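# Fold and geometry: a report
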Amino acid sequence: MAKNWYRLDTAGLIFPAIARRDWSNAFRVSATLDEPIDPDTLQRAADDLRPRFPSFYVTLRKGAFWYYLEHSSARVLVRQDYAYPLSFMSSAELKQNCLRILYYQNRIAVECFHSLSDGRGGSVFLCTLAARYLELRHGLTIPPGGMVADLSQPPPPEELEDSFLKNAAPVAASRREEKSYRLHGTPEHGFKTLTTGLVPTQALLDEAHRRRISVTALLAAVMARSILQLQAAETPLRRQRPVKITIPVDLRRLYGSRTMRNFSLVLNLGVDPRYGDYSLDELGRIIYHQLQAAATPQNMAGMIAANVQPQQLTVLRLTPVGVKNFVMNQVYRASGESGGCLNISNLGNVELPEPMRRHVRRLEFIIGPQRSYPNNCSVLSYGGTTAINMIRSIRESELERLFFSHLVELGIPVEIECNRR
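Residues numbered from 1 in each chain as written. Predicted model: local features only at pLDDT ≥ 70, side-chain atom pairs only at ≥ 80, totals over all residues. Heavy atoms only, no water.

## Thoughts on the overall build of the protein
Looking only at helices and strands, the protein has 14 helices and 15 strands in total. The globule rule puts the C-alpha radius of gyration for 421 residues at 22 Å, and the 21 Å found for the protein is close to it. Principal-axis analysis of the C-alpha atoms gives the protein an extent of 60 × 55 × 40 Å. Of all 421 residues assigned to the protein, the portion counted as buried reaches 55%. Intrachain contacts of the protein at a sequence separation of at least 6 include 76% that bridge at least 24 residues. (Helix = DSSP H or I, 4+ residues; strand = E, 2+ residues; numbered from the N terminus. Rg over C-alpha atoms; globule rule 2.2 N^0.38 Å. Buried < 20%, exposed > 50% of the residue type's maximum accessible area, 1.4 Å probe, protein only. Contact = heavy atoms within 4.5 Å.)

## Observations regarding a nonpolar patch on the surface
Judged by side-chain polarity, V323, F326 and V327 come together as a nonpolar surface patch covering roughly 270 Å² of accessible area. Tracing the sequence through the fold places V323 in helix α12 (residues 321-336). (Patch = residues over 30% accessible without salt bridge, like charges linked within 9 Å, V, L, I, M, F, W, Y side chains within 5 Å. Areas by Shrake-Rupley, 256 points an atom, 1.4 Å probe, with all protein chains shown as cover. Salt bridge = Lys/Arg side-chain N within 4 Å of Asp/Glu carboxyl O.)

## Quick word on the pattern of salt bridges
Close approach of charged atoms allows side chains of opposite charge to pair. Scanning the model with the defined rule gives 30 salt bridges in all. Where E111 meets R100, a salt bridge forms, and the shortest distance between an N and an O atom there is 2.7 Å. Linking E111 in strand β7 (residues 107-113) with R100 in strand β6 (residues 99-104), this pair joins segments that are 11 residues apart in sequence. On the basis of relative accessibility, which here comes to 2%, the residue E111 falls in the buried class. For R100, a relative accessible area of 1% corresponds to the buried category. R132 is paired through a salt bridge with E135; the nearest N and O atoms lie 3.1 Å apart.

## A word on the packing of aromatic side chains
Applying the stated criterion to the full structure yields nine aromatic pairs. Both rings, one in F53 and one in F56, keep their centres 5.9 Å apart while their planes meet at 85°; by these two values the pair is edge-to-face. When the centroid spacing of 5.1 Å and the interplanar angle of 80° are considered together, the rings of F164 and F263 count as edge-to-face. In this pair, F164 sits in helix α5 (residues 163-167) while F263 sits in the loop between α8 (251-255) and β10 (264-271), placing the two residues 99 residues apart along the sequence. Pairwise contacts between aromatic rings join F53, F56, Y57 and F125 into one cluster. Positioned above the aromatic ring of F53 is the side chain of R52, whose terminal nitrogen or guanidinium carbon lies 5.6 Å from the ring centre. (Phe/Tyr/Trp six-rings, centres within 6.5 Å; stacked < 30°, edge-to-face > 60°. Lys NZ or Arg CZ within 6 Å of the ring centre and 35° of its normal.)

## Details of the sheet that holds strand β2 (residues 26-33)
Spatially, β5-β6-β7-β2-β12 is the arrangement adopted by the five strands of the open sheet, whose pairing is mixed. Each having just a single partner strand, β5 (79-80) and β12 (360-367) make up the two edges of the open sheet. Pairing geometry for β2 and β12, over seven bridges, is antiparallel. When the bridges of β12 are listed, S30 appears paired with E364. Helix-sheet contacts for helix α4 (residues 119-138) involve β2, β6, β7 and β12, and the interaxial angle to β2 is about 30°. (Pairing = 2+ DSSP bridges. Axes fitted to C-alpha atoms, helices over the stretch in contact; angles between N-to-C directions.)

## Some details on the pairing of strand β3 (residues 58-62)
Across five bridges, β3 lies against strand β4 (residues 67-71) in antiparallel orientation. The residue of β4 that forms the bridge with K62 is Y67. Once β3 ends, the chain turns through four residues before running back antiparallel as β4.

## Regarding empty space enclosed by the protein
Under the criterion given, the structure shown has one cavity of 30 Å³ or more. Along the walls of the largest cavity sit V29, S123, L126, C127, M147, V350, L363, E364 and L380, which together make up its complete lining. Every element with two or more residues in the lining of the largest cavity is listed here: α4 and β12. Among the elements that make up the lining of the largest cavity, the one with the highest residue count is α4 (three residues). (1 Å grid on protein atoms, 1.4 Å probe; cavity = no way out; pocket = protein on both sides within 12 Å on 5 of 7 lines; lining within 4 Å. Points joined across faces, edges and corners; volume = space filled by probe spheres on them.)

This is the structure in structure tokens:
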């Protein structure tokens, strides 16, 4: 008999415990096609993906000791996109489905509760959904490979594993870290402003290569420079805090994992302005080398162990879920996001099978603001264009203005879109 429930993976455990109405607990991936979406065909495609992606067609359940995911017999019904991106997923909704499949004009969007998967896993689901939609709509034959899964095969067991448990070191790394500067502003309840900068991918690559760093390090350096300016304008030097950018690391590449569940960890990388001024070149080199030094299999295994070992303690395993939620909530409030200013989550360049390319105009990735800071940034490149999505839950737009202005100053053209007039 096929397994009909899953333990939450090590990263996914935190999300039900710290959920609250003013914090988005999901991420979005989307594909814009060359024609309006037919909802009936999209529904058929969504139904066809269920056997291949069983861990996505689930509900969130609360057990005596842990939350868990349970297969749902209900269809995930496609819906017209009805609100701003990443509206709150309530507990009532999660008891029905942990997945949204949305459409609007030419766009297909998938929003995932973060306990299901991360951006990489969600992108594979989206690209496979778009491939199946195009097959049904146009009679195409799209070969599997890369970001498109083979729907004729059952999911291999390794796609459903918790790869954190498999790759933890015997000794845990320390969690101690100096707190970063906190972005802040006037809260806007019930709405998130999304500003998208569309940038030629080659221009970003050329600038990064000229500086001998990666695109992620370049974007993080430009973001750090922007935040340093914001802090300097409002805080005397002696009272300033480090400015660090939180960069998620896809651990599949380090460990050869094929899991479709969460398997990434974050690094907080940056500088302390109290030590002196930093040029953009210096910021780029510092962040790039910090990333290279930290994102090693050995170091990340120690960080994995810091998350895995507590959940293996007998006293914690036997603690009721309500008490666990309270403890995890308090720990997260104290230190969960204190090490960084905001995320820059870069999924890199996505390649699609040739029959899809003439129909898929654009791919995007959006993560919501974190629970304790109001801005976030996510990046995805496709078809020669990099979409940089900056989202915020505050009124002030100064960070976006500074960030994109600095890119333009580097000679990188930026086309701006915003969901707010």
